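# Reading the structure
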Amino acid sequence: MNRFETIAKNLAEQIRAGHIPVGTTLPSLRQIIAQYGVSQSTVLRAYYLLEKWGLVRAEERAGYFVAPGAAVDEIALTEETEAPKKVDISDLVFSVLESTRHPDIVPLGSAFPSPALFPSARLLKSLVAGTRSLTPLSTVEDLPGSDHLRQQIRRRYVGTGFAVAPEEIIVTNGALEALNLCLMAVTRPGDVVAVESPGFYAALQAIERLDLRAVEIPVDPVSGLDLDALQSALKQHPIRACWFMPNFQNPTGTSLSIEKKRALVEMLREKQIPLIEDDVYQELHFSRDRPLPAKAFDSEGLVMHCSSFSKTLAPGYRIGWATAGRFADKVRRLKLMTTLSACIPAQAGIADYLEHGGYDKHLRSLRLSLQIQLEQMEIALRKWLPSSVKWVRPDGGYILWLQLPQSVKAMELHALASARGISIAPGPMFSARHAFQNCVRLNFGHPWDARFESAIGSLAEILDDPSVHH
Ligand SMILES: Cc1ncc(COP(=O)(O)O)c(C=O)c1O
């Protein structure tokens, strides 16, 4: 058990025994630091864990209070010691996604940025030029994947600061196919896969579909994936593969530091466990430099790096890729056996656009729009929502993870918001255990307007409704 878990466990025992009564504050940071000889961040992690267990509530500027009912609650002390689980998430995800599709719905729950931010006219020009350059023969010969596109993708890796071999790259129908093929390449039914918690629901769906079992590794909204928890999970379970998102993680928006990426790759290298790296938001960074993927630290071909043009350029073209290291041949065969190839004209169009269309200029303006929209959303959230609603500002991407008061039932909030024409992505979508009941993911990838402002106001009204609280 880590030190923060020990502290959280000791405090939890005192709370449950009634030594720290409901409604009173927890001992101060300073007291705990002095008592255990630990850093402030360790104590904060312990408090955060207690909050997650539903034992305490954070009140801005007042500290942490023992939550009503905490003294009698049974709690699971460490998530990483839980047994691997079969997953049953699809019904929930489909019902929520279905509610985001209608054009009149305010798409705060959507998984994509607004297509209005993409250079569709310029891309169309490239689609025409790229398709024109195809010979009748190339529409057959290029079937496994266009060399031109793979060269362009390879160039972007070089631009990030490291090289990959062109043979490693398999062009796919979006990142989702890349991720799924990589998972299929390294697992068999019944195997255990480590995923993030909260994490991207498609990982859970893939695990469900392939009859695998998931072990959830906690993600801290500030520091990202908990590597200590991963380390103990690796000791306890026969983990066959990991599926993680080190940059701008979905849904928390958090990123791993360079040191943590390096440590993650090393930890998995020691046990020869493959990492499926989902990096679809990599290009949407707000700081100056594009963040390195974990793949940059992979010397043994164990990291399968998956990304696409869906979040930056053209969702409907369905062009993505896997740079699959030592598993490239296997992934290529699986691609051939399942869907043979990604659409050749779409590949030709995107390759032409990457070469001549001004992708970097477009990305600069896209990132700026996303940053401005994030600020506009934060202003609205501060204006309308109670100060007990917390979030950590992401440094890229277009999603914001809100932690609402512990009493909130996100599924109820989602139902009442849908009835008012607003979609949100409720926290339980992002966990095999349907946890994160008091969290929601909001999308700031759309140009801000009165509709969004008023939707945030409506969410505040709904939050006042007693039926959304336990
Ligand atoms: C985190 C994450 N990974 C992967 C994907 C899949 O991307 P694509 O549309 O390229 O298949 C999505 C799309 O929703 C996503 O949000």
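Remember, predicted model here, so these are calculated numbers, not experimental data.

Parameters at a glance
- Along each chain, numbering runs from 1 in the same order as the chain's sequence is written.
- Only residues with pLDDT of at least 70 get local features here, since the model is predicted, and only at 80 or more are side-chain atom pairs given and counted; chain-wide, interface and lining totals rely on the full set of residues.
- Under the scheme used here, helices are H or I runs from DSSP no shorter than 4 residues and strands are E runs no shorter than 2 residues, and both carry numbers assigned from the N terminus.
- Here the radius of gyration uses the C-alpha set of atoms, whereas the globule reference equals 2.2 Å times the residue count to the power 0.38.
- Exposure is read from a count of other C-beta atoms within 10 Å of each residue's own; the residue is exposed at 12 or fewer, buried at 20 or more and partly exposed in between. C-beta atoms are placed from the backbone.
- Contact criterion: two residues are in contact if their C-beta atoms, reconstructed from the backbone, are within 7 Å.
- DSSP calls a pair of strands paired once it identifies at least 2 bridges connecting them.
- Note on geometry: axes are lines fitted to C-alpha atoms, helical ones only across the stretch in contact, with angles between N-to-C directions running from 0 to 180 degrees.
- Nearness between a residue and a molecule or strand is assessed with a C-beta atom placed from the backbone; a distance within 6 Å qualifies.
- Charged residues are taken to be Asp, Glu, Lys and Arg, nonpolar residues to be Ala, Val, Leu, Ile, Met, Phe, Trp, Tyr, Cys and Pro, and polar residues to be all remaining types, Gly included.
- The start and end points of each domain follow an automatic or database-based domain assignment.

## Examining the overall build of the protein chain
Secondary structure summary: the protein chain contains 16 helices and 15 strands in total. Relative to the 2.2 N^0.38 estimate, which gives 23 Å for 470 residues, the radius of gyration of the protein chain is 23 Å and therefore close to what a compact globule would have. Counting only residues that meet the buried cut, the protein chain has 49% of its 470 residues in that class. Contacts spanning at least 24 positions in sequence make up 75% of the contacts within the protein chain whose residues lie at least 6 apart.

## Let's talk about the sheet that holds strand 14 (residues 425-426)
Whether parallel or antiparallel, the strands of a sheet pair through hydrogen bonds between backbone atoms. Spatial ordering of the open sheet is given by 12-15-14, a layout of three strands whose pairing is antiparallel. Edge positions in the open sheet fall to strand 12 (399-403) and strand 14, since each of these has one partner strand only.

## Observations concerning the sheet that holds strand 7 (residues 224-225)
In space, the eight strands of this open sheet follow the order 4-11-10-9-8-5-6-7, with mixed pairing throughout. Each of the sheet's edge strands pairs with one partner strand only, and the pair in question is strand 4 (169-173) and strand 7. Pairing of strand 8 (residues 239-244) with strand 9 (residues 275-278) involves three bridges; the strand directions are parallel. For Phe244, the partnering residue across the bridge sits in strand 9 and is Glu277. Where helix 7 (residues 147-160) meets the sheet, its contacts fall on strand 4 and strand 11 (319-323), and the angle it forms with strand 4 comes to roughly 110°. Along the sheet face, helix 10 (residues 227-236) touches strand 5 (192-197), strand 6 (213-220), strand 7 and strand 8 and points at about 160° away from the line of strand 6.

## Focus: the site of the ligand
Near the ligand you find 13 residues, and of these Gly174, Ala175, Leu176, Ser308 and Ser310 are the closest. If one sorts the elements of the shell around the ligand by residue count, helix 8 (residues 174-186) sits on top with three residues. Taken together, the residues that form the shell around the ligand break down as seven nonpolar, five polar and one charged.

## Some details on the domain arrangement of the protein chain
Accessible area lost upon the coming together of the parts is a frequently used measure of interface size. What the domain assignment reports for the protein chain is domain 1 (3-77), domain 2 (90-116 + 361-468) and domain 3 (118-359). Just the C-alpha atoms count here: the centres of domain 1 and domain 2 sit 28 Å apart. Listed by partner, the interface residues are seven residues for domain 1 and five residues for domain 2. It is strand 1 (residues 56-59) that contributes the most residues to the side of domain 1 that touches domain 2, three residues altogether. Of the residues that constitute the side of domain 1 that touches domain 2, the class distribution is two nonpolar, one polar and four charged.

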